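# A look at the structure
So the chains spell out like this:
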4 protein chains.
Amino acid sequence: MTESDGAVARSTNSGDPGDRLAELTGRLAAFAAERDWEQFHTPKNLAMALAGEVGELVAELQWLTPDEAATVMSDDAKAADRIRSELADVTNYLVQLAAALDVDLIAAAHNKLDEVSHRYPPARIE
Amino acid sequence: MTESDGAVARSTNSGDPGDRLAELTGRLAAFAAERDWEQFHTPKNLAMALAGEVGELVAELQWLTPDEAATVMSDDAKAADRIRSELADVTNYLVQLAAALDVDLIAAAHNKLDEVSHRYPPARIE
Amino acid sequence: MTESDGAVARSTNSGDPGDRLAELTGRLAAFAAERDWEQFHTPKNLAMALAGEVGELVAELQWLTPDEAATVMSDDAKAADRIRSELADVTNYLVQLAAALDVDLIAAAHNKLDEVSHRYPPARIE
Amino acid sequence: MTESDGAVARSTNSGDPGDRLAELTGRLAAFAAERDWEQFHTPKNLAMALAGEVGELVAELQWLTPDEAATVMSDDAKAADRIRSELADVTNYLVQLAAALDVDLIAAAHNKLDEVSHRYPPARIE
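Described below are features of the structure shown in this document. (Residues numbered from 1 in each chain as written. Chains lettered and ligands numbered in written order. Predicted model: local features only at pLDDT ≥ 70, side-chain atom pairs only at ≥ 80, totals over all residues. Heavy atoms only, no water.)

This brings us to empty space enclosed by the protein. Taken as a whole and assessed by the stated rule, the structure comprises three cavities of 30 Å³ or more. Empty space within the largest cavity amounts to approximately 130 Å³. Every residue lining the largest cavity is counted, 13 residues in all, and those nearest its centre are A:Ala51, B:Ala51, C:Ala51, D:Ala51 and D:Val54. Contributing elements (two or more residues each) for the lining of the largest cavity: helix H3 (43–61) of chain A, helix H3 (43–61) of chain B, helix H3 (43–61) of chain C together with helix H3 (43–61) of chain D. Of the residues forming the lining of the largest cavity, the biggest block, four residues, is contributed by H3(D). (1 Å grid on protein atoms, 1.4 Å probe; cavity = no way out; pocket = protein on both sides within 12 Å on 5 of 7 lines; lining within 4 Å. Points joined across faces, edges and corners; volume = space filled by probe spheres on them. Helix = DSSP H or I, 4+ residues; strand = E, 2+ residues; numbered from the N terminus.)

Another aspect to go through is the interface of chain A and chain B. Between chain A and chain B, the residue contacts involve 61 residues of the former and 59 residues of the latter. Taking both sides of the interface into account, the surface hidden between chain A and chain B amounts to around 5,300 Å²; carbon and sulfur atoms contribute 68%. It is A:Arg20, A:Arg27 and A:Lys44 in chain A that bury the most area against chain B; as a group they hold 14% of the surface buried on that side. Taken together, chain A and chain B are joined by six salt bridges. Here chain A and chain B share 19 residue pairs in polar contact (both at pLDDT 80 or more) between them. Elements supplying a minimum of two residues to the side of chain A that touches chain B: helix H2 (20–34), H3, helix H4 (66–75), helix H5 (77–100) and helix H6 (105–119) of chain A. Looking at side-chain class alone, the side of chain A that touches chain B contains 40 nonpolar, nine polar and twelve charged residues. (Contact = heavy atoms within 4.5 Å. Buried area = accessible area lost by both parts, 1.4 Å probe. Salt bridge = Lys/Arg side-chain N within 4 Å of Asp/Glu carboxyl O. Polar contact = N/O pair within 3.5 Å; in protein donor to acceptor, adjacent residues only side chain to side chain. Nonpolar A, V, L, I, M, F, W, Y, C, P; charged D, E, K, R; others polar.)

Time to look at the pattern of salt bridges. One pass over the structure, following the stated rule, counts 28 salt bridges over all chains. A salt bridge links A:Asp114 to B:Arg27; its shortest N-O distance comes to 2.6 Å. Taken together, the residues span two chains, with A:Asp114 in helix H6 and B:Arg27 in helix H2 (residues 20–34). We classify A:Asp114 as partly exposed; its relative accessible area is 42%. With a shortest N-O distance of 2.9 Å, C:Asp81 and C:Arg84 are connected by a salt bridge. (Buried < 20%, exposed > 50% of the residue type's maximum accessible area, 1.4 Å probe, protein only.)

So, on to H3(D). Helical periodicity: at 3.6 residues per turn, an α-helix aligns residues three or four positions apart in one direction. End to end, H3(D) covers 28 Å across 19 residues, agreeing with the expected 27 Å (1.5 Å per residue, within 8%). Taken across its 19 residues, H3(D) has 17 buried, putting it largely inside the fold. (Expected span 1.5 Å × (residues − 1).)

On to the relation of the copies chain A and chain B, then. Note on the identical chains: chain A maps onto chain B by a rotation of 180 degrees and an axial translation of 0.0 Å, with an RMSD of 0.0 Å. Here the two chains are linked by the operation of a two-fold rotation axis. In terms of proximity to the rotation axis, the leading residue of chain A is A:Asp19, whose C-alpha is 2.1 Å off the axis. Comparing interface residues between copies, 95% of those in chain A also lie at the interface in chain B; the contact surface is shared. (Least-squares fit on C-alpha atoms with pLDDT ≥ 70 in both.)

Counting from both sides, the interface comprises five residues of chain B and, opposite them, five residues of chain C. For the pairing of chain B and chain C, the buried interface totals around 430 Å² over both sides, and the portion due to carbon and sulfur atoms is 76%. Three residues, B:Lys44, B:Met48 and B:Pro66, lead the burial of chain B against chain C; their summed loss comes to 79% of the area buried on that side. Between chain B and chain C we count zero salt bridges in total. Inspection of the chain B/chain C interface yields two residue pairs in polar contact (both at pLDDT 80 or more).

Structure below.
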């Protein structure tokens, strides 16, 4: 591990200025606390909520052709709003689930990408 | 990382130094480009991949009691590794889907939270 | 039901009188044909629709405690109606996906159960 | 309700000879009882298991083009086996979830189809 890896591995909630995901994580924790919703935010419940929102996101794309889906964000303002809203819900539950399990999503994502990069080396250019 | 990797990172969501999600977004774009996988990364395909990984994440928690799930990360090192790995996969596909749809996840998440905050005001403290 | 509906029912999974799943399969095929919806019912689209409906079903149970979920069908008539409706949607898309892939769900289910029975023998009673 | 509707509404577990779904439902109940797995088969857990298996099913189709997905069952014997196996898992958990919630899937599916038929009348043929 280099020094910069160590920096990456810092707590998700460190709230470094400029780290937008850490800021969102903090806001979501405060939001749940202010409403006394922490009691519902168990790992199983949050995983179900995440699955529910991913279902709604998938449903927005299900009947579109591949070509329609490729341009939906510029072609259909209402669908674009719904898709942004579903992506937001997925993000918010994913962040809350990771917090409930004390997982740093970005560090985990980089670790996985290290593994996958090793397993599937880039195509050779000849 | 090559110079062009750096450019990819900066082109997405501003890439301010310290913005860890923007850095990850750039790394994922470079990763797909180097493997010529962009052809597979359509919105429908990425939404399906996201649903698939969320399914695997949910499966890690399905037979645990609520109490077991609350402490799984410290009680069972192998399960904890699998859960981190599934959270990573979900994150990576969510980030790639948002990029394919040109959606800023963090901005969308804050907008949604503004809406929900308005709809569900905090409990009154008396 | 017209004569052609009957023909559709018989053509799928034998349609023995009394086989309620075969009857439903036939009705769903006729339903889609009468609305010219077969063009949308590709395997990928139907799998996405199935994932979407499972998401809505999961969402009905996500915030309930295990005890609340155990008695929701008798305790909360409105939730019970929504749950029956979501189970219906899941069933209908599963049946249509199996038809699109030409898979006999019941035969596949028994084959899988044969395999799993072998892998996990019944607990010994002493 | 006509007399034949009443017949349709009979208990899922009636096991009428020839009703293949009722037979499967009975076999699944016996299978879980013999292994003392009923304790795990709560509505929330089974809904999560269903979501997990649907995720695996979706994953089988995610990177295929629409044309590849249309012919995968005849073109790729190994993928066809995996898809049949995932469809079986989805069916088995759906049947067990419906049993845990005491819902007759086929009756619910017909009720939903009645509703949807009313909402979307068949295309007019001129």
